[in-house]
Every structure is written in C-alpha cells, then in structure tokens.
Amino acid sequence: MKRKILVVDDNEISRLTLRETLRDEYEVLEAENGKDALELMHRTHKLLSAVLIDIIMPEMDGYELLKNIRKNAMLRQVPTIVVTGDTAIGTEEKALSLGATDFVTKPYNIPIVKQRIKNIINLRETSSIINSLQRDRLTGVYDREAFLDKAGSMIAAQGPGYYVLSCLDVDKFKVINEKYGMAKGDEILKFLAETFNKGFSELGGICGRITADVFAVLYPRKFINSNEVENIRRVASTPKLLLRPIVISVGEYVITDIELPVSTMFDRAALAVKTIKGRFDTRTAIFDESMMEQELREQEVADEMGGALKTNQFEAWFQPQYDHSSGALIGAEVLTRWHHLKKGLLMPCDFIPIFERNGFIYEMDKFIWEQVCVTLRRWLDEGDEPLPLSVNISRYNIIQRDFYETLTRLVKKYNIPTKLLRLELTESAFNYPNDEIVSMAERLAKFGFTIAIDDFGSGYSLLNTLKNVPANILKLDMHFLEDDGTARGRDIVESVVLMTKSFGMPVIAERVETRQQADFLKSVGCHYVQGYLYARPMPIEEYEELAKSHSKEHKPTF
Ligand code: C2E
Ligand code: CA
Ligand code: CA
C-alpha cells in the first residue's frame, strides 16, 4: 500500500503539480485551506505520512494550521513540510518555530522536494519505533512523549470516566538540589520514580517523568483518594536519603472527555497543582472548570500589565496613619491602584497576587517606589517637613539580584532621608526556610531604612519573626484577629503590644474599623492606628490636602 501524503494549498495549479510529481510513489490527499486540512487530519492522522503546507491561504493560513497541529498530541506526530513562494527573511524561521519539520521554497526543484519528503518520512518512522520504547534516562520511567502516547492508548481503550491523570510536583526541588547537591537530587528523583512506578503499576496505572521534578501518573479512577494512593504518596514523601520529608503537590484530572489530547489533560492536572503551590493547608487539588477561568483571567492580566505600566495606569494611593491618643497624622501607607482603561479602578487583590506569581510585581513596585521618591522630593523642595511614607515589599522583590542596589540607588538619586521611607515586609516572607530574607532585612536596616513587619498575626511563627528580624515597627492586622474579636483576640493583641513595648518597638494597628477597637487598642498601649475608622486609601491630591490641614504639633516619636 502506498503511503499517504496531504497537500494543503489554495492554488489549484500548485496542488496539481505536486499531485502529478508524487502520485507514482504516494497516495495524495488534498485540502484547499488550513481549516479543511485540520478536519481531514483529525480523521486520518494515523494513516498520514506527511503534510505539505502552503503559508498564505484563505480561512486558516499555514501558520495557524501549524499552531493547531502543535496543540494536539496526535496530530503533532505527523511530519509537516512548509512549501511557500514567500522567501522573505523570517518566514522559514517562523514556520520551524511553530513546529514545521522542514521547509522548501517555490518554484519546486522536484527531485529535492521528493528527497526531502522521503527523508522526513524515514526519520519519523524509525524514531516512532524508538519513541514507543522511550524511557527517561535518569529514572527509567516513561519520558514525556512516551507517557502521553501510552496513556493515550490506555484511555482510548477504556473510555470516559475510567482513568485519572495526576500531576505530581515536588515543592522546592531546587532547594533540595542546592542544599544537598545534584547527585543527591538525582537519587531522590530516582527514588520517587521507582515509588510511583511500582505503586501505580500495581493499581493498573503507569508513570512518566514530564520535566525535572514533575511526574505524571495515570491510574484507575476507583482508586482516587484511596488508602492505596495515600500510601504511595506517603512513602514518596519520606525518602530515607533525607532527614526531612519532602512536600509533593498533586493535581488530578478525572478523564471525562477522552477526545482531549492527553497533553491537554496533563495541563489540566498541572493547573490544579498550580492552585495549591505554596499553600500549607492542602496537598491535592482536583481540576475543575473554574480553575481554567482563573487561568484565563491571569492570562488576560498578564497580557495587559506591560502596557499598563508604560501608560501610567498604576497609581500610588495613600492611607493615612494616626496617633489615636492625640488625633495627629503620623504618616501614610502607599497602596497601589490600577486605573484600567476598560474595567475602571482595580484593587490590589485583583492584580498583586497575579504579579507576585508571574514576577511582574518587581517591575510594578520599582515604578511605585520611584513615584514615592519623586513625591517625597517634591514635598521636601516645597519646604514642608514631610511625614514618612511606607511602601510594600513583596517577597519576590527581595530575592531579585539587584533589589538592594535598585532601592538604595533611588533613595540616593532623589536624596531622600531614609527615615522618610518605610519598608513593609510581610511576616509570611520570613517563614521560608532560607535566611536570605532576614539578611536582606539586616542590610536594609543598616542602610537606614525603617523596617516594618507587615500583616503580623497572619503567619505561623510569630515569636520567631520578632526574635530574628531587625524590624522597627510592627503592623498588627486586626483583620486576622477579628473572627474571635472576643477575649482571646483581645488577649493576643494585649500580649503582642506588651511584648513589643518591652523591646521598644512601636505597633501600628491596621484595618481598625470601629472606635471601640481603637479605644481598646489605646487602653492596652497601642496608639497608632490605620483603618477605615479614620480614613480610606485616597489619591495623592486628597492626601496632600489632608496633610496640609493637619496640625504638625504632634510629631511621631519614632
Ligand atoms: P496590606 O499591606 O495589608 O494593606 C492593608 C490593606 O487593608 C489595604 O488593602 C487597605 O486598603 C486595607 N484596609 C485599610 N483599612 C481597612 C479597614 O479598616 N478595613 C479593612 N477591611 N481593610 C482595610 P488594599 O489596598 O486592597 O491592598 C491589599 C494588599 O495588596 C496590601 O495589603 C498589600 O499586601 C498589597 N499591596 C498593595 N499595594 C501594593 C504595592 O504597591 N506593592 C506590593 N508589593 N503590594 C501591594
Ligand atoms: Ca502593608
Ligand atoms: Ca498589612
């Protein structure tokens, strides 16, 4: 039987030429545009040996077609050759980057076209034999391609609802590598692969390694949340090679739609993992549609953030801080707002957590710090004695290589007295096992900045933080205490204030909403408050008005 080749070209003459030259060796199928070709490929990909694709076509062009092919694990297996009259620089590169296997230009040199087709068919046929046997070199389990392939046939054989595809991700594997060395890291990966492979094979499943520290397993759904599976994960989390257990985050996709490419099923399981990464309370998540919506929202924000920064859509707002015993204004915290062109004013909860995940927070914060320095400089130049401003420093910023230089350079550039710029570092940042954050806090304090521990009360190691971090101010968040605003909450507040007093550290209570709260705080010795009781965050003009009208007789004492 002749091998089948699909020719996709809107030009009839071109199709005819190829058909005539190839017909003695191949059976030639034809499509007039990318859309028809895609449909045909979905039906016949198992039988196709190669696809020849023109770039410029109506309905769906060659690039789009390549993109669609690449998205699908089955279609991706078919070699593609781009044929085009477009010899512009970049065309070939673009086609290859979209996954084309080869590239030829029109007008055809017939013997060369034929030889190229022969070569790629040959290559594919030999490699697919190897592929089906392909094992991950380090661990011996299936590698990505082989796993997807094998899983695909198992899923097809059983039908919808039978299997679960699970993504297992080792938390902070990089830290293990750094701490114990690569060789030990490799040993751990081998141990994990062996544990998963043995355990899930016994349940009628398979295991593959997808990237360095991410594994995939396919196993029958009836075992989801079973003791058997729990047991495998427990063994995997406690390698004898390490003194401490490791944390494995698990995302699962229950395979209901078997039409999806296996790689997409895996992406869904991986998305489920993403939702629990870095959380302390859960280790497994099952995929559901809302995760996809969230991912789409994140993607949308990510697409817009660069432009938003360039067009000044981020704006520093100011929330005043007061001394409740005298009513004096003592400073303000800078909180960012996003003036979105279509969506209006966005609050930090809509974008900061996303920026902290995708790293853009550093870009945004650098912009905000500069705005703040510019503002302080202006106030100084106007001859006022400005009150301090505090800015938020995300953990992600602190671990950037040039963070310290960037921040200190700004302060020098605008000649800002360091006492006017306070840095709020969130308490949870200090929970990480590395000492990097603490030593950075030390460097910043040495430079002269005032360091505030933010969100005190949200973390897990309250006392530890106080002991280790060279902070000058504690920000006690009423919000974390409010659900038991009763005796216990009040006791905690009182002891924290007493304790910090004993080492001379002032407390600013934040999210203070009622007079009762403020009065209670005052009664236990905490005078500084920030919250809706006094004022909400406001734009700069409003804050400047407020600061002007306020008596400056009561200077803060810290
Ligand atoms: P945060 O640092 O804990 O800031 C205090 C949050 O409490 C602010 O929320 C503020 O508007 C809100 N708040 C103030 N008074 C009250 C009150 O009386 N009741 C209640 N329920 N809430 C009050 P916001 O502005 O939405 O900011 C949320 C978080 O986003 C901030 O929490 C901070 O962690 C982060 N953030 C804001 N701006 C920036 C920024 O420029 N850079 C970075 N890295 N993070 C920022
Ligand atoms: Ca803060
Ligand atoms: Ca806070």
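All figures in this text were calculated on a predicted structure; none of them were measured in a lab.

Reading the values: the criteria
- Residues numbered from 1 in each chain as written.
- Chains lettered and ligands numbered in written order.
- Predicted model: local features only at pLDDT ≥ 70, side-chain atom pairs only at ≥ 80, totals over all residues.
- Heavy atoms only, no water.
- Helix = DSSP H or I, 4+ residues; strand = E, 2+ residues; numbered from the N terminus.
- Rg over C-alpha atoms; globule rule 2.2 N^0.38 Å.
- Buried < 20%, exposed > 50% of the residue type's maximum accessible area, 1.4 Å probe, protein only.
- Donors = N, O, S within 2.8 Å, 3.2 Å for Na, K, Ca; no water.
- Near = heavy atom within 4 Å.
- Polar contact = N/O pair within 3.5 Å; in protein donor to acceptor, adjacent residues only side chain to side chain.
- Areas by Shrake-Rupley, 256 points an atom, 1.4 Å probe, with all protein chains shown as cover.
- Nonpolar A, V, L, I, M, F, W, Y, C, P; charged D, E, K, R; others polar.
- Pairing = 2+ DSSP bridges.
- Axes fitted to C-alpha atoms, helices over the stretch in contact; angles between N-to-C directions.
- Parallel < 35°, antiparallel > 145°, perpendicular 65-115°, else oblique.
- Left-handed = near helix turned anticlockwise from the far one by under 90°.
- Contact = heavy atoms within 4.5 Å.
- Disulfide = S-S within 2.5 Å.
- Patch = residues over 30% accessible without salt bridge, like charges linked within 9 Å, V, L, I, M, F, W, Y side chains within 5 Å.
- Salt bridge = Lys/Arg side-chain N within 4 Å of Asp/Glu carboxyl O.
- Lys, Arg positive; Asp, Glu negative; His and termini not counted.
- Charge placed at Lys NZ, Arg CZ, Asp CG, Glu CD.
- Arc of directions from axis to C-beta.
- Expected span 1.5 Å × (residues − 1).

## Examining the overall build of the protein chain
Link 1 in the chain: The number of helices and strands found in the protein chain is 20 helices and 19 strands.
Link 2 in the chain: Against the compact-globule benchmark of 24 Å for 558 residues, the protein chain has a radius of gyration of 31 Å, which places it well outside the compact range.
Link 3 in the chain: Structurally, the protein chain occupies a C-alpha span of about 100 × 55 × 40 Å along its principal axes.
Link 4 in the chain: A burial count over the protein chain gives 49% of its 558 residues as buried.

## Observations regarding the coordination of the calcium ion (ligand 2)
Link 1 in the chain: Protein-derived ligands of the calcium ion (ligand 2) are Glu 333 (OE), Asn 392 (OD1), Glu 424 (OE) and Asp 454 (OD), with the metal-ligand distances lying across 2.1 to 2.3 Å.
Link 2 in the chain: Each donor residue of the calcium ion (ligand 2) lies on one chain, and together they are spaced E-x58-N-x31-E-x29-D.
Link 3 in the chain: A distance of 3.7 Å spans the gap from the calcium ion (ligand 2) to the calcium ion (ligand 3), which Asp 454 bridges by coordinating each metal. Here Asp 454 lies in strand S16 (residues 450-456) and Glu 333 lies in strand S12 (residues 328-340), a separation of 121 residues in the sequence.
Link 4 in the chain: Here Asp 454 falls in the buried class, since its relative accessible area comes to 6%.

## Re the site of ligand 1
Link 1 in the chain: The environment of ligand 1 is formed by 21 residues, the closest being Thr 336, Asp 365, Ser 394, Glu 513 and Tyr 532.
Link 2 in the chain: Glu 333 places a side-chain nitrogen or oxygen 3.1 Å from an oxygen atom of ligand 1.
Link 3 in the chain: In the complex, the protein chains occlude 86% of the 790 Å² of accessible area that ligand 1 would expose alone.
Link 4 in the chain: Where the shell around ligand 1 is concerned, the elements lending two or more residues are S12, helix H12 (348-358), helix H13 (361-381) and S16.
Link 5 in the chain: If one sorts the elements of the shell around ligand 1 by residue count, S12 sits on top with 4 residues.
Link 6 in the chain: Classifying every residue of the shell around ligand 1 gives 8 nonpolar, 5 polar and 8 charged.

## Quick word on the sheet that holds strand S5 (residues 102-105)
Link 1 in the chain: Strands sit in the order S2-S1-S3-S4-S5 across an open sheet of 5 strands; the sheet is parallel. Each having just a single partner strand, strand S2 (26-31) and S5 make up the two edges of the open sheet. Averaged over all pairs of adjacent strands, the angle between their axes in this sheet comes to 25 degrees, without regard to strand direction.
Link 2 in the chain: Sheet topology note: the strand S4 (residues 80-84)/S5 ladder contains 4 bridges and is parallel. Residue Val 83 lies in a different strand from S5, and its bridge partner there is Val 104.

## Notes on the packing of helix H15 (residues 403-413) against helix H16 (residues 436-447)
Link 1 in the chain: As a packed pair, H15 and H16 sit with axes 11 Å apart at the nearest point and diverge in direction by 15 degrees. One element, H15, and the other, H16, form an angle in the roughly parallel class. In this structure, H15 crosses over H16, and the sense of that crossing is right-handed. Residues Phe 403, Tyr 404, Glu 405, Leu 407, Thr 408, Val 411 and Lys 412 of H15 form the contact with H16, whose participating residues are Met 440, Arg 443, Leu 444 and Phe 447.
Link 2 in the chain: Taken together, the residues that form the contact of H15 with H16 break down as 7 nonpolar, 1 polar and 3 charged.

## Focus on the coordination of the calcium ion (ligand 3)
Link 1 in the chain: Here the calcium ion (ligand 3) is held by Asp 454 (OD), Asp 455 (OD) and Glu 510 (OE), and the distances to it run 2.1 to 2.3 Å.
Link 2 in the chain: Donor residues for the calcium ion (ligand 3), ordered by position in the chain, follow D-D-x54-E.

## Observations concerning the pairing of strand S3 (residues 48-53)
Link 1 in the chain: The element S3 is extensively covered by neighbouring structure, given that 6 of its 6 residues are classed as buried.
Link 2 in the chain: As paired strands, strand S1 (residues 3-8) and S3 are joined by 5 bridges and run parallel to one another. When the sheet's bridge partners are listed, Ile 5 is paired in S3 with Ala 50.

## Looking at the state of the cysteines
Link 1 in the chain: For the structure on display, the rule yields 0 disulfides.
Link 2 in the chain: Here Cys 207 stays unpaired: no disulfide links it, and the sulfur of Cys 167, its closest cysteine neighbor, is 11 Å away.

## Some words on the pairing of S16
Every regular strand shows the same layout, with side chains that alternate between the two sheet faces.
Link 1 in the chain: Buried residues dominate S16, accounting for 7 of its 7 residues.
Link 2 in the chain: Judged from the 5 bridges that link them, strand S15 (residues 421-426) and S16 form a sheet pairing that is parallel. When the bridges of S16 are listed, Leu 423 appears paired with Ile 451.
Link 3 in the chain: Judged from the 3 bridges that link them, S16 and strand S17 (residues 473-477) form a sheet pairing that is parallel. Bridging from a neighbouring strand, Phe 456 pairs with Leu 476 of S17.

## Things to note about a negative patch on the surface
Link 1 in the chain: Residues Asp 10, Glu 12, Glu 32, Asp 36 and Glu 39 make up a contiguous surface patch of negative charge.
Link 2 in the chain: With respect to the helices, strands and loops of the structure, Asp 36 is situated in helix H2 (residues 34-44).
Link 3 in the chain: Residue classification places Asp 36 among the partly exposed residues on the basis of a relative accessible area of 36%.

## Quick notes on the sheet that holds strand S7 (residues 206-211)
Link 1 in the chain: What the 5 strands build is an open sheet, ordered S7-S8-S6-S9-S10; its pairing is mixed. Edge positions in the sheet fall to S7 and strand S10 (284-286), since each has one partner strand and no second. Taking the axes of each pair of neighbouring strands and ignoring which way they run, one obtains an average angle of 20 degrees across the sheet.
Link 2 in the chain: The sheet contacts of helix H9 (residues 227-237) involve strand S6 (163-170), strand S8 (214-220), strand S9 (248-254) and S10, and relative to S9 the element is tilted by about 150 degrees.

## Overview of H2
Link 1 in the chain: Restricting attention to buried positions, one finds in H2 the residues Gly 34, Ala 37, Leu 38, Leu 40, Met 41 and Thr 44. For H2, the angular spread of the buried residues around the axis is 170 degrees, confining them to a single face.
Link 2 in the chain: Among the residues of H2, the N-terminal cap falls to Asn 33, whose side-chain oxygen and the backbone nitrogen of Lys 35 are separated by 2.9 Å.

## As for H16
Link 1 in the chain: The end-to-end C-alpha separation of H16 is 17 Å, in line with the 16 Å expected for 12 residues at 1.5 Å each.
Link 2 in the chain: Every buried residue belonging to H16 is among Ile 437, Val 438, Met 440, Ala 441 and Leu 444, and all of these are buried. Down the axis, H16 shows its buried residues gathered within 160 degrees of arc, on one side only.
Link 3 in the chain: After H16 finishes, the residue Gly 448 shows a positive phi value of roughly 120 degrees.

## A few points about the pattern of salt bridges
Link 1 in the chain: As enumerated under the stated definition, the model contains 33 salt bridges in all.
Link 2 in the chain: Ionic pairing is found between Glu 230 and Arg 233, a salt bridge with its closest N-O pair at 3.9 Å. Placement of the pair is Glu 230 and Arg 233 together in helix H9, with a separation of 3 residues, close to one helical turn.
Link 3 in the chain: Since its relative accessible area comes to 43%, Glu 230 is described here as partly exposed.
Link 4 in the chain: Its relative accessible area of 9% is what places Arg 233 among the buried residues.
Link 5 in the chain: Glu 333 is the partner of Lys 475 in a salt bridge, and the nearest nitrogen-oxygen pair spans 2.8 Å. Of this pair, Lys 475 sits in strand S17 while Glu 333 sits in strand S12, and the two are 142 residues apart along the sequence.
Link 6 in the chain: One continuous salt-bridge network, built from bridges that share partners, spans Asp 169, Asp 171, Lys 277 and Arg 283.

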